[in-house]
Amino acid sequence: RKEVEQDPGPFNVPEGATVAFNCTYSNSASQSFFWYRQDCRKEPKLLMSVYSSGNEDGRFTAQLNRASQYISLLIRDSKLSDSATYLCVVIRPGNTGKLIFGQGTTLQVKP
Amino acid sequence: DAGVTQSPTHLIKTRGQHVTLRCSPISGHKSVSWYQQVLGQGPQFIFQYYEKEERGRGNFPDRFSARQFPNYSSELNVNALLLGDSALYLCASSFSRAGSYNEQFFGPGTRLTVL
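Residues numbered from 1 in each chain as written. Chains lettered and ligands numbered in written order. Predicted model: local features only at pLDDT ≥ 70, side-chain atom pairs only at ≥ 80, totals over all residues. Heavy atoms only, no water.

Some remarks on the sheet that holds strand β8 (residues 74-78) of chain B
Residues and elements named next belong to chain B.
So, point 1. Within the open sheet, the four strands sit side by side as β1-β3-β8-β7. Their pairing is antiparallel. Sheet topology places β1 (5-7) and β7 (64-68) at the edges, where each strand pairs with a single neighbour. Mean inter-strand twist for the sheet, computed between neighbouring axes without regard to direction, equals 15 degrees. (Pairing = 2+ DSSP bridges. Helix = DSSP H or I, 4+ residues; strand = E, 2+ residues; numbered from the N terminus. Axes fitted to C-alpha atoms, helices over the stretch in contact; angles between N-to-C directions.)

Below is the structure:
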């Protein structure tokens, strides 16, 4: 079993839709959590950090449930430009240089 | 300011050959990490270097090695290439390795094809 698991999708949604991605992690000691975005044939870029209290950045909301070892990303009012692969990332304590990535979830927003 | 740069952009090799990939971190960043991304998968951690010393190693065979230079640039070497080494190799730099998380900034990657 992989340490970080995501539904690979693809998720095909119309513009304006709300879409949610989920991610589970197996190491309960994981201490930091992130969502990265990767456009086709490009490098990953940090989208947002994920906190236990939940955090929002414009149309994007991230949630962390430590008890269930579950991370989510909600995108409201989807834009064509949101089409990308979204990667769930965790970091273990004492190993802040090693990002552990999920497989990624592909989102395609259609006009 | 320049971001993380990597060279070459693309590379085609045959099985058994050796390859060297290069990375220059963002100015002021002392930590460099290498990742391998196979098509359809998330990046997988290979190495982290900080202040010219290896600080972390992923689950990769000894055919993979790396080093960091005094100017903090880094090389990743892969010997005896296998078809399965075909991937996008990403370099990421961050300010430091210690304590709390420092955001890692990724370079555009080197796409390696092994025939």
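Having seen it, we continue.
A closer look at the interface of chain A and chain B
So, point 1. Of the residues lining the interface, 17 residues belong to chain A; the matching set on chain B comes to 21 residues.
So, point 2. Taken together, both faces of the contact between chain A and chain B bury some 1700 Å²; the carbon and sulfur share is 52%.
So, point 3. By the criterion of area lost to chain B, the three top residues of chain A are Arg41, Thr96 and Gly97 of chain A, representing 27% of everything that side buries.
So, point 4. At the junction of chain A and chain B, the tally comes to zero salt bridges.
So, point 5. Our count for the chain A to chain B interface comes out at six residue pairs in polar contact (both at pLDDT 80 or more).
So, point 6. Mapped by element, the contributors of at least two residues to the side of chain A that touches chain B are β4 (32-38), β5 (44-50) and β9 (84-91) of chain A.
So, point 7. Residues that form the side of chain A that touches chain B fall into these classes: eight nonpolar, five polar and four charged. (Contact = heavy atoms within 4.5 Å. Buried area = accessible area lost by both parts, 1.4 Å probe. Salt bridge = Lys/Arg side-chain N within 4 Å of Asp/Glu carboxyl O. Polar contact = N/O pair within 3.5 Å; in protein donor to acceptor, adjacent residues only side chain to side chain. Nonpolar A, V, L, I, M, F, W, Y, C, P; charged D, E, K, R; others polar.)

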